[in-house]
Amino acid sequence: MRKEVLRPSSTGTWISYRGDGMKIGEVISASVLSGIEVKLGLESPEGLKVGYPIIVEGASYSFYCIVQDVYIPRSEVIDRIAGSRAGEALIPLAGHEGVEGRLFSPRARLKPVQLIDRDGRLGEPETIPHYLAPVRLAEMADVEKIYTPAPTSLPIGNLRGLKDFPVPLDFKKLVEKPFAIFGRTGMGKSILSKIVCCGILGRGVASVLIFDMHQEYGMFSRTDNSPGLKYFFPEGVEVFTLDPESNREAKPFLIDPREITPADIIVAFQDVTPQMVDALYAVQRRKGARDLPSAITEATPEEYEGKVHGGALQALQRRVERFGRFGFVQGTTAGDAFYQMVGLIKAGRSIVLDFGRYGHETMAYLFVANILARRLYELYTEGKEDYPRLVVFLEEAHKFLDPRVAPYTIFDRLARETRKFNLILGLIDQRPSRIDEEVRSQVANRLLLSLKDPADVASALAGIPDRAVWEGVLSSIPPRSALVVGDAIRVPTVVEIMEYGTKRMRDALGKEGLDGAEMEEISRRAEKLFE
């Protein structure tokens, strides 16, 4: 079947046509280390974009490449006439040919990422093509050789530059080690996170735990009414809430004050001074049977005279008073909600913890996430039982993993140790440069949306071969596109993230449409949820 690709017209625009891969240029220089430079035979460079897949036809191999840069080389002639009214009349740039071909051609720099030999075998790019090797747009047949889906693969979007080709991500490999979704605010992190969660559950490779600060992941998103995880997996996802008044369908989740440790308080407030830390641990040592917040509230400067700074103790007490705003911090005789949650995880269920009215309280998020992750870590690592694989998604990861705070949290140990205990960390963040370097080094797969800050770009790509090459790509890709790097995908790839909607996700997951009874039940639950 002949495929539809793009072709430049005589006016320099691109039009669709059906045919074999078209030649867009020729190789004029090449280096294993620096990549391939191409002189383009296009009247306008505007149809070729960073991240597009390209094939260079060598004598023995096809070089599968990614567009690293598109540029126009400096010309002394153009420099002289630029700004003059007669410039375009003197030298008509479009289609102007000389005895050596087009005089003013754009260039492209390509990054080879895979070799394809004549038998279709794949290999690393350890050689270069010859001068004037033809360069063409990649086609479906080319990319199908590169991206071979596994039984545990699902698409997360389409290949940039070849919109009809869905890029498979191996979710089994993704959840074997810590992974990260990094990108600036507004670039599509939330949508990509939902798609990744659906892929994990759709392939049954793990359960997930989501701290749902903005009520995005339950039945429906409160922001845009898009379907959540429970919509697609009604029997596989259970919703707990810190705010039963705003979510009557969810199970209440309470935190017993006796479970609170000094580290939970340090992480929650993030502005605790060294003197306050000393006071905190001094109270912890002498609290007896009391819970820690009560012991801090009841402490007097006279009781700790000579042991802690009086001003530090008072500052600590002012902070701990804020816990009084949290209705979910209370003792209960109804049983520990944490063990209800663990029982569901052991049964293969996933958990969404809805924050309700506390969703805008950063302190509440830091506090709850640290307590819950710490208790899970203790349970998974004590070795008394084998627990199923669980992926803990951590938004605003830098607030837990900043080098100044990380020693007090459980998350640095989660990143370093727990892949052998089936507890996996999924980081979601817009400031990767503020995440502890050792933690970043444990991340095996990265789904990277656009980043602009040089420190964030460098940190997001730290440890990746040819980092300088990918820095330019990462800085250039548009919103809703991601550079995917790691062992869950064959080669580094720029993906245009799929639309997240009911039909699109059900098609990707291979799910049939809901029957009338299921729709009625979902409608009933949604009405109760938003009453």
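Residues numbered from 1 in each chain as written. Predicted model: local features only at pLDDT ≥ 70, side-chain atom pairs only at ≥ 80, totals over all residues. Heavy atoms only, no water.

### Some details on the nonpolar core
The tendency in soluble globular proteins is for nonpolar side chains to be buried as a group.
Link 1 in the chain: Counting 157 residues, the largest nonpolar core has Tyr64, Ile200 and Leu427 as the members making the most contacts within it.
Link 2 in the chain: At 14 residues, the largest contribution of residues to this core is made by helix H12 (residues 362-381).
Link 3 in the chain: Ignoring any residue separated from it by four or fewer positions in sequence, one finds Leu427 in contact with Phe179, Ala180, Ile181, Phe182, Leu394, Ala397, Leu401, Ile435, Val439 and Val443.
Link 4 in the chain: Counting residues in each nonpolar core, the second largest holds 20 residues, with Ile24, Leu48, Leu115 and Val135 among its members. (Core = buried A, V, L, I, M, F, W, Y, C linked by side-chain atoms within 4.5 Å. Buried < 20%, exposed > 50% of the residue type's maximum accessible area, 1.4 Å probe, protein only. Helix = DSSP H or I, 4+ residues; strand = E, 2+ residues; numbered from the N terminus. Contact = heavy atoms within 4.5 Å.)

### Remarks on the confidence of the model for the protein
Link 1 in the chain: Chain-level pLDDT for the protein is 86 on average; 88% of the residues reach the 70-or-more range.
Link 2 in the chain: Under a pLDDT of 50 for its full length, residues 1-20 has, in the predicted model, 47 contacts with residues more than four places off or in other chains.
Link 3 in the chain: Contacts of residues 513-519 to residues separated by more than four positions or lying in other chains number six contacts, the stretch itself having pLDDT below 50. (pLDDT = per-residue confidence, 0-100.)

### A closer look at helix H11 (residues 337-346)
Link 1 in the chain: If you check which residues of H11 are buried, you get Ala337, Phe338, Met341, Val342, Leu344 and Ile345. Buried residues of H11, viewed axially, fall in a sector of 160°; they line one side.
Link 2 in the chain: Turning to H11, the residues buried within the fold contact strand S15 (207-212), strand S16 (237-241), strand S17 (251-252), strand S18 (350-354), H12 and strand S19 (390-395).
Link 3 in the chain: Measuring from the backbone nitrogen of Phe338 back to the side-chain oxygen at the start of H11 gives 2.9 Å, which picks out Asp336 as the cap.
Link 4 in the chain: Phi turns positive, to about 90°, at Gly348, one or two residues after H11. (Arc of directions from axis to C-beta. Polar contact = N/O pair within 3.5 Å; in protein donor to acceptor, adjacent residues only side chain to side chain.)

### Some words on unusual backbone geometry
Link 1 in the chain: For Gln215, which is not a glycine, the phi torsion comes out positive at approximately 55°.
Link 2 in the chain: The topology assignment puts Gln215 in the loop between S15 and helix H6 (229-232).
Link 3 in the chain: Look at Gln215 and you get buried, because its relative accessible area is 12%.
Link 4 in the chain: Notably, Asn422 is not glycine yet its phi reads approximately 75°, a positive angle.
Link 5 in the chain: By secondary structure assignment, the location of Asn422 is in the loop between helix H14 (411-417) and strand S20 (423-429).
Link 6 in the chain: Residue Asn422 is classed as partly exposed on the basis of its relative accessible area of 23%.

### Points about the pairing of strand S12 (residues 153-159)
Link 1 in the chain: Burial within S12 is extensive, with five of its seven residues counted as buried.
Link 2 in the chain: Where S12 folds back on strand S13 (residues 162-170), the antiparallel hairpin that results is connected by two residues, among which Gly161 adopts a positive phi of roughly 95°.
Link 3 in the chain: Looking at chain direction, S12 and strand S23 (residues 493-497) are connected through three bridges and run antiparallel. Within S23, the position partnered with Asn158 by the bridge is Glu496. (Pairing = 2+ DSSP bridges.)

### Topic: the sheet that holds S23
Either a parallel or an antiparallel arrangement is found when strands of a sheet pair, and the pairing is made through backbone hydrogen bonds.
Link 1 in the chain: One open sheet accounts for twelve strands, arranged S13-S12-S23-S22-S21-S14-S20-S19-S15-S18-S16-S17; its pairing is mixed. The outermost strands of the open sheet, each flanked by one partner alone, are S13 and S17.
Link 2 in the chain: Docked against the sheet, H12 engages S15, S18, S19 and S20, running at close to 160° with respect to S15. (Axes fitted to C-alpha atoms, helices over the stretch in contact; angles between N-to-C directions.)

### Focus: the pattern of salt bridges
Working definition: two side chains of opposite charge can pair if their charged atoms are close together.
Link 1 in the chain: Evaluation of the coordinates by the stated rule reveals 31 salt bridges.
Link 2 in the chain: Between Arg136 and Glu57 there is a salt bridge, and its shortest N-O distance comes to 3.0 Å. In this pair, Arg136 is assigned in strand S11 (residues 134-137) and Glu57 in strand S5 (residues 53-57), connecting sequence segments 79 residues apart.
Link 3 in the chain: Of the charged contacts in the structure, one is a salt bridge between Arg319 and Asp271, with a shortest N-O distance of 3.2 Å. Taken together, the positions of Arg319 in helix H10 (residues 310-320) and Asp271 in the loop between helix H7 (262-269) and helix H8 (274-286) put the pair 48 residues apart, joining distant regions of the chain.
Link 4 in the chain: In this structure Arg319 comes out as buried when scored by relative accessible area, which is 14%.
Link 5 in the chain: Through salt bridges that share partners, Glu57, Arg136 and Asp142 make up one connected network. (Salt bridge = Lys/Arg side-chain N within 4 Å of Asp/Glu carboxyl O.)

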